[in-house]
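Here is how the chains run, residue by residue.
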Amino acid sequence: LLQDWESVVRNPNTYGDSNVVAGFLARGERNPGTVLDKVLKDLGPQPSSSSPTALALWGAALVNPLPSLGVALELRGAVLEAQTAKERLTIVTRGVRRSIANLRGEQPL
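**Regarding a nonpolar patch on the surface**
Taken together, the side chains of Val21, Leu73 and Leu109 present a nonpolar region at the surface, about 210 Å² in accessible area. A residue is classified by how much of its surface remains accessible, and Leu109, at 33% relative accessible area, is partly exposed.

In structure tokens, the structure reads:
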């Protein structure tokens, strides 16, 4: 799912739809791939599913980087407050799906 999200974020055609909300555009940035490349470098490799908490934290950091891409709802606080790994993964999964819906112009943020 995270790879699907990254693919949609990197696709320049994504941002031609007026229903897509992308905060980075308001800052005058035009290439979300540049931001993603830096974030991925800073985050390091994606944790395996055998480490669900690490994977959830990594996913939340990818979807909500600083500086923000503005293409997803804020997940980090909820992920940190969740009591179990399953809750953390559920929050990230829902957030990534919601972001993909935004990026496809189906459900703007």
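The rest of the description comes next.
**Side note on the packing of helix α1 (residues 2–10) against helix α6 (residues 85–103)**
Two measures define how a pair of helices packs: the angle their axes make with one another and the distance between the axes. Two numbers describe how α1 lies on α6: the axes approach to 10 Å, and their chain directions differ by 25 degrees. As judged from the angle between their axes, α1 and α6 are roughly parallel. Viewed along their axes, α1 and α6 form a crossing whose handedness is left-handed. Between α1, through Leu2, Asp4, Trp5, Val8 and Val9, and α6, the contact on the second element is made entirely by Val96, Ser99, Ile100 and Leu103. Residues of the contact of α1 with α6, tallied by class, amount to seven nonpolar, one polar and one charged.

**Structural notes on helix α3 (residues 32–43)**
For the α-helix, the turn length of 3.6 residues means that residues three or four positions removed from each other point alike. Under the 1.5 Å per step criterion, the end-to-end length of α3 is 16 Å for 12 residues, consistent within 8% with the ideal 16 Å. Three or more residues of α3 are buried, namely Pro32, Gly33, Val35, Leu36 and Val39. Take α3 and look down its axis: the buried residues cluster within an arc of 155 degrees, on one side only. Those residues of α3 that are exposed and angled more than 90 degrees off the buried face are Thr34, Lys38, Lys41 and Asp42. In the segment just after α3, Gly44 is the residue with positive phi, at about 80 degrees.

Rules used throughout
- For every chain, the first residue of its written sequence is number 1, and the numbers climb from 1 along that sequence.
- Totals for whole chains, interfaces and linings use every residue, but because this is a predicted model, local features are given only for residues with pLDDT of at least 70 and side-chain atom pairs only at 80 or more, for both listing and counting.
- Derived side-chain values reflect all non-hydrogen atoms in the structure, with water molecules and hydrogen atoms excluded from consideration.
- Residues form patches when they are more than 30% accessible in relative terms and have no salt bridge. Like charges link within 9 Å. Nonpolar side chains (Val, Leu, Ile, Met, Phe, Trp, Tyr) link within 5 Å.
- The accessible surface values rely on the Shrake-Rupley method and a 1.4 Å probe; as for residues, cover is taken only from the protein chains in view.
- Within this document, salt bridges are pairs made up of a side-chain nitrogen of Lys or Arg and a carboxyl oxygen of Asp or Glu, the two lying within 4 Å of each other.
- Relative accessibility decides the category of a residue: with a 1.4 Å probe and only protein chains considered, values under 20% of the type maximum give buried, values over 50% give exposed, and everything between is partly exposed.
- To get an axis, fit a line to the C-alpha atoms, keeping to the stretch in contact for a helix; angles then go from 0 to 180 degrees between the N-to-C directions.
- Each helix is a run of DSSP H or I of at least 4 residues and each strand a run of E of at least 2, with the numbering of both proceeding from the N terminus.
- In what follows, roughly perpendicular refers to angles from 65 to 115 degrees, roughly parallel to angles under 35, roughly antiparallel to angles over 145, and oblique to any angle outside these ranges.
- Handedness of each helix crossing follows the sense of rotation of the near helix against the far helix: counterclockwise by less than a right angle gives left-handed, clockwise gives right-handed.
- Residue contacts are counted whenever heavy atoms from the two residues lie within 4.5 Å of one another.
- When residues are sorted by character, Ala, Val, Leu, Ile, Met, Phe, Trp, Tyr, Cys and Pro go into the nonpolar class, Asp, Glu, Lys and Arg into the charged class, and all the rest, Gly among them, into the polar class.
- Given the number of residues in a helix, its expected span is that number minus one, multiplied by 1.5 Å.
- Taking the helix axis as origin, the arc is that swept by the directions to the C-beta atoms.

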